[in-house]
Amino acid sequence: AQGRHPHAVCALRPVCLPIASRLDRARRRSNSRRTMAAARADGVAPAGRDAFEEGAVKMVVGTNTPIASNGRATPAGPFATAYAMACDPRTHMLFVPDQSGHCIHEVDALRGCTVTVLAGSGAAGITDDGVVGTAASFHSPHGIAVDVANNRLLVAESAGRRIAAIDLDTRAVTRICGSRRGETGCVPADGTPVADPEAVRFAVPHGLCVYEDYAYVCDPGNHVIVRVKLAREGDLAHDVDEGTTSLVAGVPGNGGNTTKSAGGVTGTDDPPFMPGVSGICVDASGVFYITTNFNCIFRMERIDGGRAAAAPASAAGDADAVVDGVLATPAAGGAGGADETTPSKHRKQRRQRGRPSLEPIAGEPAPAAPTRPQWRVTLIAGQHGVSGFADSVVGVTATFHTLMSPVVSPDGRELFVCCSNYHVVRRVSLYGTYAVTTLAGRATVAGCEEGVGSTAQLNRPMGMALDVTAGRLFVAQAGTGALAAITVRCSGRVTVPASSFRENMLRLLDSGDGADVTIKLFGGSTIQAHRCVLAAQCPHLAAILRGRGGAEMSEARSGVLDLSQAREGAPTSRAGGAAYHPRAVTSIVRWCYTDVLEVSSDIVVPLIAIADQWDLRRVSALCDRWVRRHIAPDNAFVIFAAARLYGCDELAVVARDFVCFNSAAVRAANGLRASGLPAHYNAAGLLEEIFDHTPSARM
């Protein structure tokens, strides 16, 4: 056989080897299954591709029996009336308000989920400030949030009608705002902040969250959302701003109707109604998500230039003073320099909103500042007043029933809500069309069964809290008093540090490390630069430093670029001044390193002249836009004089016409003073040209 088929032995050999390898793989799979089964039995997530199952439900505390906390038995367990929960991201501790038990429980999520009483005597009441731990009294605690900056817990008492704080170190309870006697009301009722915490009145404060310096509180009894100033520095007891409360959204006492409950802009003559606002949460960028008793989910974001919902300044990758590739710098002894260093109010507001920053053209009327912060409220999921259970790829066509305890992932991509009467936990994708899906539980089926997704059973889920690090969504169930943990895929918000590219490149230029080019400027100063950087940004300099047409030039050999004297083709001034303005050359060199042009009124025209000669179209366009936005009565004459000096006739006509048409404003700003011009400028001749063109300007 081998003779007839010389490759028969070679053909058989590969068949024999895989038999052993198949047996090895089978043994490895069997061992892996036993290891994973044992890990699941111990409650530990095994490593590997099956280590994570999203939507897997595990009962971590209780099943169908009441649970005692600290030896104290509550009517139906600590989770039976937990309408909200909070998770401390530093310690992974869960804090659970027990509304019927009038106390606050804490659950150690890392150590067996043991339950203890953090504060509250168990009897309904309102105690004075300073009472510690279980000696203090609460009256139906409902909302809860962690104030990480001050290491304390904030509690909204629905029957006590106050916002209280629990120090997590001493467990001392203090009042932030609200009545000391549980009096009801609606204060504030308009856009005027209430500075006296004692004067603040709630109807039934429910949802609560903390963002930066404020606590945001939902009051479904008054159909409003208010925010409460929190102390951030010094002794909390002596912070005069602590407790200052202002209205954020909603029309006090008016739940509205279907047409006015679809969203809008607050602080206007036609504000959106917020009927039955009950739950609130916020992502890391300051976007709020709100649930209502009418089965709707709203998105709320700040739009008037305030800090909330604004992208960090570093998100654009540029410094605050950089706008569209131009950095306004003060003019050295030139007119208009003082105003150019400070961006306008409108430009700051546009940048804070994350929109393209556009500086207003001179003479543009300033819009009136809003009398109160403005927020855009948008309906993203659910239908007002419609109860049901329907998932949908379009959020506003989905239906909910008894929405409770919204929780948003820190990265702002997913929102989780409880549909208590349908015994499910729903998920809303916070991008695109806000698709709604079911994360865990079986609709209309109440139970207490572990499983994945719809195979698990929940019983009236109400309060929720997200432990981002562990990837677990904790859910309190009113029907059984049990605490469930649902695995979810979420990540914390990734904070990208501000770009330091510009600072690093300027540091390289200023230090001169590795410099191989010396640029001589008019007046005797020099710049140490790098040949490769200049050549990459400026083809004209690349040709000089590398040699034109293969012929070595003196600059290419010596590494010295002499711009202190006029050279062939250079922009020459008509008054015999410097051919290359030294500050203009410096600005272009720095632009080569950072792509940010430093402009002021006394160098903008020399910049245009050099840009035209060196074919730097971006620099020319940036200067042209800068002139159109910055020309003003106090600098128009300087720009006109420079344009005539460097032969930029079109720009000279624009500046001259501006001076002529705005002669009264130019005179009022003392914009025709000859002292603002360099000595080699023919001030008298320039003024005569303006007076000949417009005789009224002579007055």
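Shown above is the structure to which this text applies.
Predicted, not measured: the structure shown is a model, and the values here were computed from it. Numbers given for residues are sequential positions, taken from 1 along each chain in its written order. Per-residue local features are limited, in this predicted model, to residues with pLDDT of at least 70; the limit for side-chain atom pairs, both in listing and counting, is 80 or more; totals at the level of whole chains, interfaces and linings are taken over all residues. Side-chain measures here rest on the full set of heavy atoms in the structure, leaving out hydrogens and waters.

J.: Whenever I open this one, the packing of helix α9 (residues 604-614) against helix α10 (residues 617-630) confuses me. Can you help?
T.: The relative placement of two packed helices comes down to the angle between their axes together with the axis-to-axis distance. Axis definition: a line fitted to C-alpha atoms, over the contacting stretch in the case of helices. Angles run 0 to 180 degrees between N-to-C directions. Working definition: helices are DSSP H or I runs of at least four residues, strands are E runs of at least two. Numbering for both runs from the N terminus. Interhelical geometry of α9 versus α10 gives an angle of 155° and a closest axis separation of 9 Å. One way to sum up the angle between α9 and α10 is to call them roughly antiparallel. Viewed along their axes, α9 and α10 form a crossing whose handedness is left-handed. On α10, the residues that touch V604, L607, I608, A611 and D612 of α9 are V619, S620, C623, W626 and V627. Under this grouping Gly is polar, as are all residues other than the nonpolar Ala, Val, Leu, Ile, Met, Phe, Trp, Tyr, Cys and Pro and the charged Asp, Glu, Lys and Arg. Residues of the contact of α9 with α10, tallied by class, amount to 8 nonpolar, 1 polar and 1 charged. Angle categories: roughly parallel below 35 degrees, roughly antiparallel above 145, roughly perpendicular from 65 to 115, and oblique for all the rest. Handedness of a helix crossing follows the sense of rotation of the near helix relative to the far helix, less than a right angle counterclockwise being left-handed and clockwise being right-handed. Every residue pair with non-hydrogen atoms within 4.5 Å of one another is taken to be in contact.

J.: Whenever I open this one, the pairing of strand β26 (residues 424-429) confuses me. Can you help?
T.: A regular strand places its side chains so that they alternate between the two faces of the sheet. Counting buried positions along β26 gives 6 out of 6 residues, so the element sits mostly inside the fold. Judged by which residues are buried, β26 turns out to be covered on both faces: V424, R426 and V428 on one side and V425, R427 and S429 on the other are all buried. Strands were regarded as paired on the criterion that DSSP finds at least two bridges between them. Where strand β25 (residues 414-419) and β26 come together, 6 bridges link them in antiparallel fashion. Residue F416 lies in a different strand from β26, and its bridge partner there is R427. Turn length for the β25-β26 hairpin, with the two strands adjacent in sequence and antiparallel, is 4 residues, and the turn residue H423 shows positive phi of about 60°. Connecting β26 to the next strand, strand β27 (residues 436-440), in antiparallel fashion are 6 residues, including G432 with a positive phi near 70°. A 1.4 Å probe rolled over the protein chains alone gives each residue an accessible area, and that area as a share of the maximum for its type sets the label: buried under 20%, exposed over 50%, partly exposed in between.

J.: Looking at this model, I keep getting lost on helix α4 (residues 501-511). Mind explaining?
T.: For the α-helix, the turn length of 3.6 residues means that residues three or four positions removed from each other point alike. Where α4 is concerned, the buried positions are R502, M505, L506 and L509. Considered in projection along α4, the buried side chains sweep an arc of 100° and stay on one side of the axis. Of the residues one or two after α4, G512 is the one with positive phi, at around 75°. Think of it as the arc spanned by the lines of direction from the helix axis to the C-beta atoms.

J.: Even after reading the chapter, I still don't get the side chain of H530, so can you show me in this structure?
T.: Here H530 lies in the loop between β33 (526-529) and α5 (531-537). At 2.7 Å, the side chain of H530 and the side chain of Y593 are in polar contact. Ignoring any residue separated from it by four or fewer positions in sequence, one finds H530 in contact with L508, D513, G514, A515, D516, V517 and Y593. By the criterion applied in these results, polar contacts are pairs of N or O atoms within 3.5 Å in which, for protein atoms, one can donate a hydrogen and the other can accept it, and in which residues neighboring in sequence qualify only through two side-chain atoms.

J.: Honestly, the sheet that holds strand β24 (residues 403-408) in this entry has me stumped. Any pointers?
T.: Strands belonging to one sheet form pairs held by backbone hydrogen bonds; the direction of such a pair is parallel or antiparallel. Taken in spatial order, the 4 strands line up as β24-β25-β26-β27 in an open sheet, and their pairing is antiparallel. Because the sheet does not close on itself, it has two edges, and the strands there are β24 and β27. Each strand axis lies, on average, 30° off the axis of its neighbour in the sheet, ignoring direction.

J.: It is not clear to me how the sheet that holds strand β4 (residues 86-87) should be interpreted in this structure. Could you clarify?
T.: Strand order across the open sheet formed by 4 strands is β4-β5-β6-β7, with antiparallel pairing between neighbours. Each having just a single partner strand, β4 and β7 (114-119) make up the two edges of the open sheet. Sheet topology places β4 next to strand β5 (residues 93-98); 2 bridges connect them, and they run antiparallel. When the sheet's bridge partners are listed, A86 is paired in β5 with F95.

J.: How should the nonpolar core be read in this particular structure?
T.: Within soluble globular proteins, side chains that are nonpolar generally end up buried alongside one another. Side-chain atoms within 4.5 Å are what join buried Ala, Val, Leu, Ile, Met, Phe, Trp, Tyr and Cys residues into a set we call a nonpolar core. Within the largest apolar cluster, 61 residues are counted, with the highest numbers of intra-cluster contacts made by I519, L534, Y593, V604, V605 and W614. Not counting residues up to four positions away in its chain, the partners in contact with I519 are S525, T526, I527, A529, L534, L561, L563, V585 and V589. Counting residues in hydrophobic clusters, the runner-up holds 22 residues, among them M404, V407, M464 and A478.

J.: Please clarify how empty space enclosed by the protein should be interpreted in this entry.
T.: Which parts of space are left empty comes out when a probe the size of a water molecule is rolled across the atoms. Any residue with an atom within 4 Å of a point lines the site, the site being either a cavity, points on a 1 Å grid over the protein atoms alone where a 1.4 Å probe fits but cannot get out, or a pocket, an open set with protein on both sides within 12 Å along at least 5 of 7 lines. Grid points are joined across faces, edges and corners, and a volume is the space filled by probe spheres set on the points. Taken as a whole and judged by the stated rule, the model has 2 cavities of 30 Å³ or more. Roughly 40 Å³ of volume is contained in the second largest cavity. As for the second largest cavity, its lining consists of C186, V187, P188, R201, F202, D219, N222, V224 and V226. Taken together, the residues of the lining of the second largest cavity sort by class into 6 nonpolar, 1 polar and 2 charged.

J.: Hey, could you run me through the layout of surface pockets in this one?
T.: Each pocket or cavity is described by its volume, and for the largest pocket that value is around 1,200 Å³. Forming the boundary of the largest pocket are 49 residues, of which C209, V210, C281, V282 and V408 lie nearest the centre. For the lining of the largest pocket, the elements supplying multiple residues, two or more each, are β4, β9 (141-147), β13 (208-211), β18 (277-282), β19 (288-292), β24 and β29 (461-467).

J.: Hey, could you run me through the pattern of salt bridges in this one?
T.: Side chains that carry opposite charge are capable of pairing whenever their charged atoms lie near each other. Every case where a carboxyl oxygen of Asp or Glu lies within 4 Å of a side-chain nitrogen of Lys or Arg is listed as a salt bridge. In this structure the tally under the stated criterion is 22 salt bridges. Here R152 and E242 are joined by a salt bridge, their closest N and O atoms 3.0 Å apart. Placement of R152 in strand β10 (residues 152-157) and of E242 in the loop between β15 (224-229) and β16 (245-249) is noted, with a sequence separation of 90 residues between them. Its relative accessible area of 4% is what places R152 among the buried residues. A residue is classified by how much of its surface remains accessible, and E242, at 10% relative accessible area, is buried. Measuring nitrogen to oxygen at the nearest pair gives 3.3 Å for the salt bridge that ties E198 to R180. Placement of E198 in the loop between β12 (172-178) and β13 and of R180 in the loop between β12 and β13 is noted, with a sequence separation of 18 residues between them. Residue classification places R180 among the partly exposed residues on the basis of a relative accessible area of 38%. Overlapping salt bridges bring together D129, R175, R180 and E198 as one network.

Keep in mind these values describe shape, not function.
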